[in-house]
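# Architecture and fold: a report
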Amino acid sequence: MDYKDYYQILGLERDASQDDIKRVYRKLARKYHPDVSKQTDAEDRFKEVGEAYEVLKDPEKRAAYDQLGSNWQAGQDFNVPPGWAAGFEFGGGSFAGGDSDYSDFFESLFGHGFGPRERTAHGRFHARGEDHHAKILVDLEDAWQGGTRTITLRIPGVNAQGHLQLAERHLKVRIPKGVTEGQHIRLAGQGAAGSTPGAAGDLYLEIAFRPHPLYRVDGRDLYLEVPIAPWEAALGATVKTPTPGGPVELKIPPGSAAGGKLRLKGKGIPGKPHGDLYAVLQIALPTAQSAEAKALYEQMRRDLTFNPRAHFGL
Amino acid sequence: MSSNELQPLSGCIVEEELQFSVVELCHTCAVRREVVIELVQQGVLEPSGAGEESWRFTGSSLRRARIAMQLQRDLGVNAAGAALALQLMDEIEHLRMQLAGGTRHG
């Protein structure tokens, strides 16, 4: 198990005041909040910062953590020392993160000896079971043609000793054709159990797409960068272009400019209405490495009156 | 794990096929009714129907409501702050799309 340096995670010195800890946590939480940040590791960073704050904001936990000493390095192999936390009394304070997903390091230090966690309160009798929420990553192809995906969910639960445990649950889910990013699929009766079998809660799956090597998605519309040669842009051409439904012949009109968009109606993600596919033109320049290429560039320089910087007016 | 979990499960797309009453939205988001009412008062959620009991929320309210609630819970902002954040996030998303689509001159 790796040692975690909670001060380093928040970028603080070990003698930081409680006010400093709160201020820095708030700032980092805003920066890395998964709903706000587009950084790919935002969610992990957010959890890490939340865990550090969970320990350092609480004077008792902080004192116990500090007692481990300052000689540990982040990532160093760590075992809980014997007699750890003797003399400390941890209250059942509330947890900042709703979806408790703490590191092994945190769990081994603070996972036991707490009073019952807030989460146990959710275990009380409900006529209708709670709804559960999860985010799943699917391929764009699933949205084009529908598909079946097996997903693994980690469900926090409370074991007989009152400790938090993560259980894995595997589900096979039909991805409906035409679903778009940010939409939710509701699976009726797949949430928490209710007082009767028919009263189970629902499971809501929020759809996110894995990044696609070719297409960028905006709702049901797709954007595809299509590199073309300068002469194709200038003279027009027909180029073979991929679409989700198979390759098509794309007509490039003469005099096309870089950044120009050509719309292929109805070639995006299916639905009501179908999305469109936009081919965004990019002009790729041939290198002038061969003598032949050099000669052609020389000829253009000589024969074309072309000033790409005419608008500078110099 | 029950064996039926290995059978493919079919669901519906919330944003296209569902509407929520205030009771259903509260249950789905696991919040008290006042929390949803405040988001309506802040204009984050715009249900149709007059009066709380006849409110109907569109399926896309679920996402907005959950983001607003997560911001409140995680960042300690109030409903008005969450509303402002959501509005700015919508604008950023719009601008990001314009930039990426090369339509910034359009």
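Each residue is numbered by its place in its chain's sequence as written, counting from 1. Chains and ligands are labelled by the order in which they are written, letters from A for the one and numbers from 1 for the other. The model is predicted, so local features are restricted to residues of pLDDT at least 70 and side-chain atom pairs to those at 80 or more, both for listing and for counting; the totals for chains, interfaces and linings are taken over all residues.

### Describing the sheet that holds strand 6 (residues 215-218) of chain A
The pairing of strands in a sheet happens through backbone hydrogen bonds and is either parallel or antiparallel. Residues and elements named next belong to chain A. Pairing is mixed in the open sheet, where four strands are placed in the order 6-7-11-10. Of all strands in the sheet, those bounded by a partner on one side alone are strand 6 and strand 10 (261-264). The sheet shows a mean angle of 30° between the axes of neighbouring strands, direction not considered. Of the strand pairs in this sheet, strand 6 and strand 7 (residues 221-228) are connected by four bridges, and their pairing is antiparallel. Among the inter-strand pairings, Arg-216 is bridged to a residue of strand 7, identified as Tyr-223. Note: two strands are recorded as paired if DSSP finds a minimum of 2 bridges between them. Working definition: helices are DSSP H or I runs of at least four residues, strands are E runs of at least two. Numbering for both runs from the N terminus. For helices, the fitted line uses only the C-alpha atoms of the stretch in contact; every axis is such a line through C-alpha atoms, and the angle between N-to-C directions lies from 0 to 180 degrees.

### Thoughts on the sheet that holds strand 5 (residues 203-209) of chain A
If you walk across this open sheet you meet the four strands as 1(A)-5(A)-4(A)-1(B), and the pairing is mixed. The open sheet has two edge strands with one neighbour each: strand 1 (132-138) of chain A together with strand 1 (12-13) of chain B.

### Quick word on the environment of Gly75(A)
Residues and elements named next belong to chain A. Its location among the elements puts Gly-75 in the loop between helix 4 (59-66) and helix 5 (104-110). Put simply, a residue is buried when 20 or more other C-beta atoms lie within 10 Å of its own C-beta and exposed when 12 or fewer do; between those, it is partly exposed, and each C-beta is set from the backbone. Exposure remark for Gly-75: the 10 C-beta atoms within 10 Å place this residue in the exposed category. With 72 residues separating them in the primary sequence, Gly-75 and Tyr-3 have C-alpha atoms 5.1 Å apart. For every residue pair, C-beta atoms are placed from the backbone, and the pair is scored as a contact if these atoms sit within 7 Å. The residues touching Gly-75, leaving out its near neighbours within four places in the chain, are Asp-2 and Tyr-3.

### Digging into the interface of chain A and chain B
When the parts come together, some accessible area is lost, and that loss is often what is quoted as the size of the interface. Taken together, the contacts link 34 residues of chain A with 30 residues of chain B. Every element with two or more residues in the side of chain A that touches chain B is listed here: helix 2 (18-32), strand 3 (164-175), strand 4 (184-187), strand 6 and strand 11 (277-283) of chain A. For the side of chain A that touches chain B, the element with the most residues is strand 3 of chain A, which contributes six residues. Looking at the side of chain A that touches chain B, its residues break down into 12 nonpolar, nine polar and 13 charged. Note: strand 4 of chain A against strand 1 of chain B, two bridges, orientation antiparallel. In the strand pairing of strand 1 of chain B, Arg186(A) is matched with Cys12(B). As a working rule, the residues Ala, Val, Leu, Ile, Met, Phe, Trp, Tyr, Cys and Pro are called nonpolar, Asp, Glu, Lys and Arg charged, and the rest polar, with Gly in that last group.

### Some details on the confidence of the model for chain B
Residues and elements named next belong to chain B. Here chain B averages 87 in pLDDT, while 90% of its residues score no lower than 70. Within a predicted model, pLDDT stands for the predictor's per-residue confidence, ranging from 0 to 100. Counting contacts from residues 102-106, a segment whose pLDDT is below 50, to residues more than four positions away or on other chains yields six contacts. Two numbers describe this predicted complex: its pTM, 0.72, and its ipTM, 0.81.

### Focus: unusual backbone geometry
The amide bond that connects Lys272(A) to the next residue, Pro273(A), takes the cis arrangement and shows omega of 0°. Summarising the element assignment, Pro273(A) is placed in the loop between strand 10 and strand 11. In this structure, Ala30(B) is a non-glycine residue whose phi angle is positive, near 55°. Along the chain, Ala30(B) turns up in the loop between helix 2 (22-29) and helix 3 (33-41).

### Some remarks on the nonpolar core
Any nonpolar core is a set of buried residues, restricted to Ala, Val, Leu, Ile, Met, Phe, Trp, Tyr and Cys, that join up through C-beta atoms within 7 Å. In this structure, Leu224(A), Ala279(A), Leu25(B), Leu39(B), Ala65(B), Ala68(B) and Ala82(B) are the most contacted members of the largest nonpolar core, which totals 47 residues. Shared between two domains, this core takes at least three residues from each, and those domains are domain 2 (132-209) and domain 3 (215-303) of chain A. The contact partners of Ala82(B), leaving out residues within four places of it in the chain, are Val44(B), Ala68(B), Leu71(B), Gln72(B) and Val77(B). Core analysis: the second largest hydrophobic core is formed by 17 residues, Tyr7(A), Leu28(A), Phe46(A) and Val49(A) among them. Domain limits in this description derive from either an automatic procedure or a database domain assignment.

### Overview of helix 3 (residues 42-56) of chain A
Residues and elements named next belong to chain A. The terminal C-alpha atoms of helix 3 lie 21 Å apart, and with 15 residues this matches the ideal 21 Å at 1.5 Å per residue to within 8%. Of all the residues in helix 3, the buried ones are Phe-46, Val-49, Gly-50, Glu-51, Ala-52, Tyr-53, Glu-54, Val-55 and Leu-56. As for helix 3, its buried residues are in contact with helix 1 (6-10), helix 2, helix 4 and helix 5. The length a helix should cover is 1.5 Å for every residue beyond the first.

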